[in-house]
Amino acid sequence: MIRIAGLTLGAAALSLSVLVAAPAPEKQKLQKVDLSEMRDGETAGIALQAALTGHLVLATLHTNDAAGAVVRLVDMGIEPFLVASSLLGVLAQRLVRRLCPVCRRAHEPDGAERALLANGNGGASHPLFTAPGCETCAFTGYQGRSGIFELLLIDDESRRLIHDRAAEADLRDHARSQGMKSLREDGMRWVKAGETSLEEVLRVSRE
Ligand SMILES: [Zn+2]
């Protein structure tokens with residue numbers, strides 16, 4: 001997983017899921033293969049076969065979330081047992097625009113905003129930030145971007161679920177039960193810190 005941290009996540013790629021597939025650790029001399037994007041079943045099949053034969057494969061797919069990447073692979077014609085035996089994890093990412101630090105302003109959230117902010121995790125109230133725009137941010141209210149992430153790690157139960165062609169929701173529920181934070185939950189961290197707006201996180205994440 002250390003290698004994930006070394007990845008340069010493309011600024012242009014707003015909806016990527018990074019898949020990591022690797023062989024058993026006893027197969028030493030790990031050779032790394034980077035694939036820009038798996039667009040079809042043939043490329044995906046080659047990538048997963050490479051993983052089974054001693055390569056650490058990093059590849060990207062466009063999906064709504066991390067669990068969606070697993071289903072996408074199967075939809076592309078990859079046998080579920082092959083996905084189950086080669087996939088280590090999926091990191092979904094979105095980029096959110098950061099609020100301009102010069103013109104951002106705090107306000108108390110209203111009822112609807114508070115419910116969205118809590119996202120099922122209790123009703124703690126935080127000030128919300130928005131930015132009207134100023135000369136520094138060219139009147140956009142935003143400056144720069146940050147990533148929000150969702151990391152699905154494949155454990156034994158996930159492997160069984162994938163192997164048995166379980167529904168995407170079941171795979172997601174299992175990962176959530178093991179502590180996986182959704183893209184939206186991760187985004188709320190930035191909203192509460194005043195780094196981005198609630199609107200921005202809602203725009204890039206679906207639940
Ligand atoms: Zn500004």
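Residues numbered from 1 in each chain as written. Predicted model: local features only at pLDDT ≥ 70, side-chain atom pairs only at ≥ 80, totals over all residues. Heavy atoms only, no water.

Let's talk about the coordination of the zinc ion
With distances of 2.3 Å, the protein atoms coordinating the zinc ion are Cys100 (SG), Cys103 (SG), Cys134 (SG) and Cys137 (SG). Around the zinc ion, the 4 donor atoms are arranged such that angles at the metal cover 107 to 111°; this shape is classified as tetrahedral. Spacing between the donor residues of the zinc ion along their common chain follows C-x2-C-x30-C-x2-C. On the criterion of sequence distance, the pair formed by cysteine 100 in the loop between strand 4 (87-99) and strand 5 (105-107) and cysteine 137 in the loop between strand 6 (128-130) and strand 7 (142-153) is long-range, its members being 37 residues apart. By relative accessible area, cysteine 100 is classed as buried at 0%. Residue class for cysteine 137 comes out buried when judged on its relative accessible area of 3%. (Donors = N, O, S within 2.8 Å, 3.2 Å for Na, K, Ca; no water. Tetrahedral: all angles 85-135°; square planar, octahedral: opposite > 155°, others 65-115°. Helix = DSSP H or I, 4+ residues; strand = E, 2+ residues; numbered from the N terminus. Buried < 20%, exposed > 50% of the residue type's maximum accessible area, 1.4 Å probe, protein only.)

What to know about the environment of leucine 151
Mapped onto the elements of the fold, leucine 151 is located in strand 7. Separated by 60 residues in the primary sequence, leucine 151 and leucine 91 have C-alpha atoms spaced 4.5 Å apart.

A closer look at unusual backbone geometry
For phenylalanine 139, which is not a glycine, the phi torsion comes out positive at approximately 60°. Assignment of secondary structure puts phenylalanine 139 in the loop between strand 6 and strand 7. Positive phi, close to 55°, is recorded for arginine 165, a residue that is not glycine.

Quick notes on the pattern of salt bridges
With the rule as written, the count across this model stands at 10 salt bridges. Among the salt bridges present, the one from glutamate 200 reaches arginine 97, with a minimum N-O distance of 3.0 Å. With a gap of 103 residues between them, glutamate 200 in helix 9 (residues 198-204) and arginine 97 in strand 4 connect regions that are remote in the sequence. Taking the relative accessible area as the measure of exposure, glutamate 200 reaches 1% and is therefore buried. The residue arginine 160 makes a salt bridge to aspartate 164 at a minimum N-O spacing of 3.1 Å. Residue arginine 160 is classed as partly exposed on the basis of its relative accessible area, which comes to 42%. Via salt bridges that share partners, Asp65, Glu168 and Arg172 belong to a single interconnected network. (Salt bridge = Lys/Arg side-chain N within 4 Å of Asp/Glu carboxyl O.)

A closer look at the nonpolar core
By size, the foremost hydrophobic cluster in this structure holds 39 residues, and its most contacted members are Met38, Val70, Leu73, Val83 and Leu152. Leucine 152 has contacts with Ala66, Ala67, Val70, Leu88, Gly89, Val90, Leu171, Ala175 and Met180, leaving out every residue within four places of it along the chain. (Core = buried A, V, L, I, M, F, W, Y, C linked by side-chain atoms within 4.5 Å. Contact = heavy atoms within 4.5 Å.)

Looking at the layout of surface pockets
The space that makes up the largest pocket amounts to roughly 240 Å³. Lining the largest pocket we find 15 residues, and of these Asn64, Asp65, Leu183, Ser205 and Arg206 sit closest to its centre. Broken down by secondary-structure element, the contributors of at least two residues to the lining of the largest pocket are helix 7 (168-177), helix 8 (183-192) and helix 9. Here the residues of the lining of the largest pocket are counted per class, giving 2 nonpolar, 4 polar and 9 charged. (1 Å grid on protein atoms, 1.4 Å probe; cavity = no way out; pocket = protein on both sides within 12 Å on 5 of 7 lines; lining within 4 Å. Points joined across faces, edges and corners; volume = space filled by probe spheres on them. Nonpolar A, V, L, I, M, F, W, Y, C, P; charged D, E, K, R; others polar.)

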